[in-house]
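Structural overview for review
Single-letter residue listing:
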Amino acid sequence: MAQRISGTPGTLGETAEPKELAATAAETTAENPWPLSLLSSKMKSYIDRMSSVWIEGQVVELNHRGKASYLTLRDTDVEMSLPVQIWKNVLERTGAPLTEGSHVVANLKADFWTKTGRLTMRANDIRAVGLGELLARLERLKKQLGAEGLFDPSRKLRLPFLPNRIGLITGRDSDAQKDVMRNVHLRWPAAEFEVRNCAVQGPDAVPGVMKNLAELDADPQIDIIVIARGGGSMEDLLPFSNEALVRAVSAAQTPVVSAIGHEADRPILDEVADMRASTPTDAAKRIVPDVAEEGMNLLRARAELEAAVNRILDREQEMLTAVRSRPVLAEPQTMITAHENELAMIRRRSLQATNASVIQAQNEIHHLRSQARSLSPLRTLERGYAVVQTDEGQAVRNAGEVTAGDTVHVRVAHGRFDAAITEVTPEADDSTTGE
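- The chain goes by Exodeoxyribonuclease 7 large subunit in an unreviewed UniProt entry, where it is assigned to Brevibacterium linens.
- Here is the UniProt Subunit (unreviewed entry) comment for the chain, exactly as written: "Heterooligomer composed of large and small subunits."
- The record held by UniProt for the chain lists under Sequence similarities (unreviewed entry) the comment "Belongs to the XseA family."

Side note on the confidence of the model for the chain
- Confidence along the chain averages 85 in pLDDT terms, with 92% of residues attaining 70 or more.
- With pLDDT under 50 throughout, residues 1-16 is counted as low confidence; its partners more than four residues away or in other chains account for 16 contacts.
- The model gives residues 430-435 a pLDDT under 50, and that stretch makes 2 contacts with residues more than four places away or in other chains.

Quick look at the domain arrangement of the chain
- Structurally, the chain comprises domain 1 (43-129), domain 2 (135-289), domain 3 (291-336) and domain 4 (378-421).
- Placing the centre of domain 1 and that of domain 4 at their C-alpha centroids yields a distance of 179 Å.

A word on the pattern of salt bridges
- For the structure shown, the criterion picks out 17 salt bridges.
- Note that Asp204 and Arg74 form a salt bridge whose closest N and O atoms lie 3.5 Å from each other. Here Arg74 lies in strand β4 (residues 68-74) and Asp204 lies in the loop between β9 (193-197) and α5 (205-218), a separation of 130 residues in the sequence.
- Residue Asp204 is classed as partly exposed on the basis of its relative accessible area of 32%.

A few points about the sheet that holds strand β12 (residues 275-276)
- Spatial strand order, β9-β8-β10-β11-β12: 5 strands in an open sheet with parallel pairing. Each edge of the open sheet carries a strand with a single partner, namely β9 and β12.
- Examined bridge by bridge, strand β11 (residues 256-260) and β12 share 2 bridges and lie parallel to one another. Bridge pairing in β12 places Ser258 opposite Arg276.
- Lying on the sheet, α5 is in contact with β8 (166-170), β9, β10 (224-229) and β11; it crosses β8 at an angle near 175°.

Some thoughts on the environment of Ser258
- Relative to the helices and strands, Ser258 resides in strand β11.
- By relative accessible area, Ser258 is classed as buried at 1%.
- Expressed as a C-alpha distance, the spacing of Ser258 and Leu269, which sit 11 residues apart in the sequence, is 6.6 Å.
- The contact partners of Ser258, leaving out residues within four places of it in the chain, are Ile227, Leu269, Asp270, Ala273, Met275, Arg276 and Ala277.
- Separated by 2.4 Å, the side chains of Ser258 and Asp270 make a polar contact.

Some points on the packing of helix α4 (residues 175-187) against helix α8 (residues 280-287)
- Running from N to C, α4 and α8 point in directions that differ by 30°, and their axes come no closer than 8 Å. By the angle between their axes, α4 is roughly parallel relative to α8. For α4 against α8, the interelement crossing comes out right-handed. Contacts between α4 and α8 pair Ala176, Asp179, Val180, Asn183, Val184 and Arg187 from the former with Pro280, Thr281, Ala284, Lys285 and Ile287 from the latter.
- Of the residues assigned to the contact of α4 with α8, the class counts are 6 nonpolar, 2 polar and 3 charged.

Examining the nonpolar core
- With 30 residues, the main nonpolar core has Ile169, Ile227, Phe240 and Val249 as its most contacted residues.
- Mapped by element, the contributors of at least two residues to this core are α3 (131-147), α5, β10, α6 (243-251), β11 and α7 (268-272).
- With residues near it in sequence (within four places) discarded, Ile169 still touches Arg196, Cys198, Val209, Asn212, Leu213, Leu216, Ile225, Val226, Ile227 and Ala228.

Focus: the pairing of β11
- Taking burial as the measure, the 5 residues of β11 include 5 buried ones, the bulk of the element.
- The side-chain alternation of β11 yields two buried faces, one formed by Val256, Ser258 and Ile260 and the other by Val257 and Ala259.
- Crossover connection from β10 via α6 to parallel β11: handedness right-handed.

Examining the sheet that holds strand β13 (residues 387-389)
- Spatial ordering of the open sheet is given by β13-β14-β15, a layout of 3 strands whose pairing is antiparallel. One side of each edge strand has no neighbouring strand; the edge strands of this open sheet are β13 and β15 (415-420). Averaged over all pairs of adjacent strands, the angle between strand axes in this sheet comes to 25°, irrespective of strand direction.
- Here strand β14 (residues 407-412) pairs with β15 via 6 bridges, running antiparallel. By the bridge assignment for β15, Val412 is matched with Gly415.

Observations regarding the side chain of Arg187
- Looking at the secondary structure, you find Arg187 in helix α4.
- As a buried residue without a salt bridge, Arg187 has its nearest oppositely charged side chain in Asp290, at a separation of 4.3 Å.
- One polar contact links the side chain of Arg187 to the main-chain carbonyl oxygen of Lys285, over a distance of 3.3 Å.

Regarding the environment of Lys67
- With respect to the helices, strands and loops of the structure, Lys67 is situated in the loop between β3 (53-65) and β4.
- For Lys67, a relative accessible area of 68% corresponds to the exposed category.
- Each residue touching Lys67, except ones within four places of it in the same chain, is listed here: Ile86, Trp87 and Lys88.

Rules and cut-offs
- Residues numbered from 1 in each chain as written.
- Predicted model: local features only at pLDDT ≥ 70, side-chain atom pairs only at ≥ 80, totals over all residues.
- Heavy atoms only, no water.
- UniProt positions renumbered as here; feature names shortened; annotations may be inferred.
- pLDDT = per-residue confidence, 0-100.
- Contact = heavy atoms within 4.5 Å.
- Domains from an automatic or database assignment.
- Salt bridge = Lys/Arg side-chain N within 4 Å of Asp/Glu carboxyl O.
- Helix = DSSP H or I, 4+ residues; strand = E, 2+ residues; numbered from the N terminus.
- Buried < 20%, exposed > 50% of the residue type's maximum accessible area, 1.4 Å probe, protein only.
- Pairing = 2+ DSSP bridges.
- Axes fitted to C-alpha atoms, helices over the stretch in contact; angles between N-to-C directions.
- Polar contact = N/O pair within 3.5 Å; in protein donor to acceptor, adjacent residues only side chain to side chain.
- Parallel < 35°, antiparallel > 145°, perpendicular 65-115°, else oblique.
- Left-handed = near helix turned anticlockwise from the far one by under 90°.
- Nonpolar A, V, L, I, M, F, W, Y, C, P; charged D, E, K, R; others polar.
- Core = buried A, V, L, I, M, F, W, Y, C linked by side-chain atoms within 4.5 Å.
- Right-handed = clockwise from strand over helix to strand, strands pointing away.
- Lys, Arg positive; Asp, Glu negative; His and termini not counted.

And the structure:
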């Protein structure tokens, strides 16, 4: 139902009609505003209907004033805080006294004071987070991240053998910074650093480390990033188990080395980092080689190389000596002499074969000549026979071919002569002779 208020006085003797107020804040105008008391009462009514809420934070300020105490709670991950009022009897129920830096959970209820328009957060209950509960939370977070594969060895980047420039995230003027830089320079004097200082415990640690990590990861000259912090209580090291920081390290494109606390300390950052160093000093030994050791390695490698080369030369020299000791190389003329001897032998055999062939042919010629001579008319003439020829050159075989008074030519074995036929006697018939 709309409310009405009395109007302001008008002219003398007149009274303004009551004004109807807007039903909601959105309906108010400059001509029809709400009274401040109405706004305050509505805000208080709305806030009183709000439920209480459990929140988690870290105590950064704590002041006691009579029956009430005032503390400031800061978020454990981001730079955000909230003032809280707590009554003395509620504070006493916590058992162990709260101090600045305590990790707590508190049940808060908003309270609006209409008289002053002040909004306060009242703690109805507050409890310190125990070590057991913190460990259980970290274990649950570790299992969750492990199930997502953030700890898988295949995701880890290989550290460079000799980084060009080392990014170092650590506390200002901390022992961890001095240990890392001193031991790195002892091992490799030419090493260069890009140092980023920030809080390494408390609520400012996570945003500070993440900011520096992002900047170093984006710098192309940075080959490796070291996050270092000295020892401390588990609560001091809690920022290095923060889920947001762990995921940021996992997503970094530059190899990250975790060097948090001592050997026994094991924040979740150790699991996701590309390499875990037990201490800042151990990190220095892992990120750069030892110049003296590398020098010795070079000398040893050079000696081994020289020995290997000498072994190869000796082996090749032995092989060369063995080859040169072979007769064909020791006395190269041996091969020529052998061929020369073989050629002489072949030539000699060829001559012998030729001579034999010639002698055989000569013998055959002599034999044939003898045969030819034995059949030659001259051979017959040598036995006392003669060849009688007419003037026409015809051999006289029959006495009837010539007549008395003819002249014939007679050839004997040695020479010839002419003869005159004086008488011709024909040969008797074979039948008459009985032959």
